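Next come the chains, spelled out residue by residue.
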Amino acid sequence: MLNRRVFLQQAAAVSAAGMAGFSMNAQASSPAEKTLHLYNIHTGETVSSTFWAEGFYIDSEIETLDMLLRDFRANDVIAMERELYHHLHRLQTMFNAKQPLNIISGYRSPGTNARLSANSNGVAKRSLHMQGRAIDLRIPGVSTNDLQKAALNMRFGGVGYYPEDGFVHLDTGRVRRWQG
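Note that this is a predicted model, so its numbers are computed, not measured.

Peer 1: Could you give an account of the sheet that holds strand S3 (residues 56-57), naming the residues involved and the relevant values?
Peer 2: Pairing in this open sheet of 8 strands is mixed, and the strands run S3-S2-S1-S4-S5-S7-S6-S8 from one edge to the other. Because the sheet does not close on itself, it has two edges, and the strands there are S3 and strand S8 (176-179). One ladder, built from 4 bridges, connects strand S5 (residues 134-138) with strand S7 (residues 167-171); its direction is antiparallel. Across the sheet, Ile135 pairs through a bridge with Leu170, a residue of S7. Contacts between helix H4 (residues 82-94) and the sheet are confined to strand S1 (33-40), strand S2 (46-53), S3, strand S4 (101-105), S5 and S7, with S1 contributing the most and set at about 90° to the helix. Relative to strand S6 (residues 158-162), helix H6 (residues 144-154) is tilted by about 170°, and along the sheet it contacts S5, S6, S7 and S8.

Peer 1: Summarise helix H5 (residues 110-119); cite the residues concerned and give the values.
Peer 2: For H5, the complete set of buried residues consists of Thr112, Asn113 and Ser117. Across the axial projection of H5, the buried residues extend over an arc of 130°, all falling on one side. Within H5, the exposed residues directed more than 90 degrees away from the buried face are Ala118 and Asn119.

Peer 1: Summarise the side chain of Asp136; cite the residues concerned and give the values.
Peer 2: Mapping Asp136 onto the fold places it in strand S5. A polar atom in the side chain of Asp136 sits 3.3 Å from the side chain of His129. Other than its neighbours up to four places away in sequence, Asp136 contacts Asn102, Ile103, Ile104, Ser105, Arg108, His129, Phe167, Val168 and His169.

Peer 1: Can you lay out the packing of H4 against H6 for me, pointing to particular residues and giving the numbers?
Peer 2: Two elements in contact, H4 and H6, have axes whose closest approach is 11 Å; the angle formed by their N-to-C orientations is 125°. In terms of orientation, H4 and H6 fall into the oblique class. Handedness of the H4/H6 crossing: right-handed. Residue-level contacts link His87, Arg90, Leu91 and Met94 of H4 to Leu147, Ala150, Ala151 and Met154 of H6. Broken down by class, the residue content of the contact of H4 with H6 amounts to 6 nonpolar, 1 polar and 1 charged.

Peer 1: Lay out H4 with the relevant residues and their values.
Peer 2: Between its first and last C-alpha atoms H4 spans 19 Å; for 13 residues at 1.5 Å apiece the expected length is 18 Å, and the two agree. Within H4 the residues assigned to the buried category are Leu84, Tyr85, His86, His87, Leu88, His89, Leu91 and Gln92.

Peer 1: Can you break down the pairing of S1 residue by residue, with the values?
Peer 2: Here S1 shows one buried face, formed by Lys34, Leu36, Leu38 and Asn40, and one open face, formed by Glu33, Thr35, His37 and Tyr39. Pairing of S1 with S2 involves 7 bridges; the strand directions are antiparallel. The residue bridging Leu38 from the neighbouring strand is Val47, located in S2. As consecutive antiparallel partners, S1 and S2 are separated by 5 residues, and within that stretch Gly44 has a phi angle of approximately 80°, a positive value. The sheet contact formed by S1 and S4 spans 3 bridges and is parallel. Opposite Leu38, over in S4, you have Leu101 as the bridge partner.

Peer 1: Break down the nonpolar core for me, citing the residues and quoting the values.
Peer 2: In this structure, Tyr85, Leu88, Leu137 and Leu170 are the most contacted members of the largest nonpolar core, which totals 32 residues. The greatest single-element share of this core, amounting to 5 residues, is contributed by H6. Once you skip the residues sitting within four places of it in the chain, Tyr85 turns out to touch Leu36, Phe51, Ile62, Leu65, Asp66, Leu69 and Met80.

Parameters and conventions
Residues numbered from 1 in each chain as written. Predicted model: local features only at pLDDT ≥ 70, side-chain atom pairs only at ≥ 80, totals over all residues. Heavy atoms only, no water. Pairing = 2+ DSSP bridges. Helix = DSSP H or I, 4+ residues; strand = E, 2+ residues; numbered from the N terminus. Contact = heavy atoms within 4.5 Å. Axes fitted to C-alpha atoms, helices over the stretch in contact; angles between N-to-C directions. Buried < 20%, exposed > 50% of the residue type's maximum accessible area, 1.4 Å probe, protein only. Arc of directions from axis to C-beta. Polar contact = N/O pair within 3.5 Å; in protein donor to acceptor, adjacent residues only side chain to side chain. Parallel < 35°, antiparallel > 145°, perpendicular 65-115°, else oblique. Left-handed = near helix turned anticlockwise from the far one by under 90°. Nonpolar A, V, L, I, M, F, W, Y, C, P; charged D, E, K, R; others polar. Expected span 1.5 Å × (residues − 1). Core = buried A, V, L, I, M, F, W, Y, C linked by side-chain atoms within 4.5 Å.

In short, shape yes, function no, at least from these values alone.
Structure (structure tokens):
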């Protein structure tokens, strides 16, 4: 029977080509394992998932995270941009989150996004949510203002600040900021 480390090493040798998303320097400075604790406020689902170990993604765990971040209105799932998971992990670690990160919105199908956009000025017609490149979240016990400041300091993409609604939008687009 293989232990986890041997399995991961063998899987890594077979799937090394799948690592295009991050540079070797990013891998070398990363912890051996990255686990996310997420809660989808709309479905009530909670996931604790080790999505990164020994410098490689664990595809089955990524699929679990993608499922939690699905468009719950249409029950559509898309492969979310993996970089988002690293940024969520960084925020979770930075704030030493004791409870799961609360996910307000992950993937949105084009149909769902069009319906939401028609009913709200705060939903972009060409939202990165439709590409699996954006997440709206809050962290229990952390002010929305502090979460926004931390996300801005990470300088990794778009950061939308929605203090009235109590969440922050993160995406992997160009670095920019706005308030909703």
